[in-house]
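Breakdown of the fold
Read off the chains here:
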Amino acid sequence: EMLAKAAGIWSWTLQADCQRISVKGDTSRILEMPPTHLGEIVSRLHPDDRARLGETFARASQEGGSGELDCRMLSPDQQWLHFHVTFQTEPAPGGGFLVHGLSQDVTPLRAALDGALQNAERLRIALEAASAGGGEGEGKTQSVWCPDTVTRLLGRKLEFPKPD
């Protein structure tokens, strides 16, 4: 249990009717109390993730199977947390399938990945700008020439104001 809490993991079982869920593990970071109804979790899902998760788990509860997906949930302090979810099914008494899953809070990992991607983009732009070379300017006519790469990186052409 301590390991699961340290790793930000909690397990759950979704009933075949896709309405009831039982949760094991510490969910205090995302829910004020352990949920017993799926609606309590669904209400915290990011709007862009709700339909995809609903379709995935409805299909799993009817057809069986296993899978992995990522989703976002709103924490009690109104922060979006990122979760990696792994699930598998087993036949349920009375038909359908129980969906057993593990959800892991990967928010710190996601933040590190996003930061690395942003830094890679900054580095790409800096290297491209460094290779763009210089430009030429002429003070008397107040004209300037620079490579197309510089214009593209700046998002505009360099222009001097007209003298009064």
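Let us look at the structure shown here. (Residues numbered from 1 in each chain as written. Predicted model: local features only at pLDDT ≥ 70, side-chain atom pairs only at ≥ 80, totals over all residues. Heavy atoms only, no water.)

Regarding the side chain of His46
Note on placement: His46 falls in the loop between helix 2 (38–42) and helix 3 (47–63). Residue His46 is classed as buried on the basis of its relative accessible area, which comes to 14%. If sequence neighbours within four positions are ignored, His46 has contacts with Arg72 and Trp80. (Helix = DSSP H or I, 4+ residues; strand = E, 2+ residues; numbered from the N terminus. Buried < 20%, exposed > 50% of the residue type's maximum accessible area, 1.4 Å probe, protein only. Contact = heavy atoms within 4.5 Å.)

Side note on unusual backbone geometry
Residue Gln78 is not a glycine yet carries a positive backbone phi of 65°. The residue Gln78 is located in the loop between strand 3 (66–74) and strand 4 (80–91) in this model. For Gln78, a relative accessible area of 52% translates into the label exposed.

What about the pattern of salt bridges?
Counted according to the given criterion, the structure contains 2 salt bridges. Among the salt bridges present, the one from Arg52 reaches Asp49, with a minimum N-O distance of 3.1 Å. Of this pair, Arg52 and Asp49 both sit in helix 3, separated by 3 residues, roughly a single helical turn. According to the relative accessible area criterion, Asp49 is buried, its value standing at 4%. Among the ionic pairs, Arg72 bridges to Asp49, the shortest N-O distance being 3.0 Å. Here Asp49 lies in helix 3 and Arg72 lies in strand 3, a separation of 23 residues in the sequence. Here the salt bridges do not stand alone but share partners, grouping Asp49, Arg52 and Arg72 into one network. (Salt bridge = Lys/Arg side-chain N within 4 Å of Asp/Glu carboxyl O.)

So, the sheet that holds strand 3
Each strand in a sheet pairs with its neighbour through backbone hydrogen bonds, running either in the same direction (parallel) or in the opposite one (antiparallel). If you trace the 5 strands from one edge of the open sheet to the other, you get 2-1-5-4-3, paired in antiparallel fashion. The open sheet is flanked by strand 2 (21–24) and strand 3, the only strands paired with a single partner. Ignoring which end each strand starts from, the neighbouring axes of this sheet average 25° apart. When strand 4 meets strand 5 (residues 97–105), the two strands line up antiparallel, connected through 9 bridges. In the strand pairing of strand 5, Gln88 is matched with His100. Relative to the sheet, helix 3 contacts strand 1 (9–14), strand 3, strand 4 and strand 5, its axis offset from that of strand 3 by approximately 145°. (Pairing = 2+ DSSP bridges. Axes fitted to C-alpha atoms, helices over the stretch in contact; angles between N-to-C directions.)

Things to note about helix 3
Here helix 3 is 17 residues long and its end C-alpha atoms lie 25 Å apart, about the 24 Å a rise of 1.5 Å per residue gives. Within the span of helix 3, buried status applies to Asp49, Leu53, Thr56, Phe57, Ala60 and Ser61. Across the axial projection of helix 3, the buried residues extend over an arc of 125°, all falling on one side. Opposite the buried face of helix 3, at more than 90 degrees from it, the exposed residues are Glu55, Gln62 and Glu63. Backbone geometry just downstream of helix 3 places Gly64 in the positive-phi region, at approximately 85°. (Expected span 1.5 Å × (residues − 1). Arc of directions from axis to C-beta.)

Observations regarding the nonpolar core
Counting 19 residues, the largest nonpolar core has Trp12 and Phe57 as the members making the most contacts within it. Those elements that place two or more of their residues in this core are strand 1, strand 2, helix 3, strand 3 and strand 4. Take this core: its biggest share by element is 4 residues, from strand 4. (Core = buried A, V, L, I, M, F, W, Y, C linked by side-chain atoms within 4.5 Å.)

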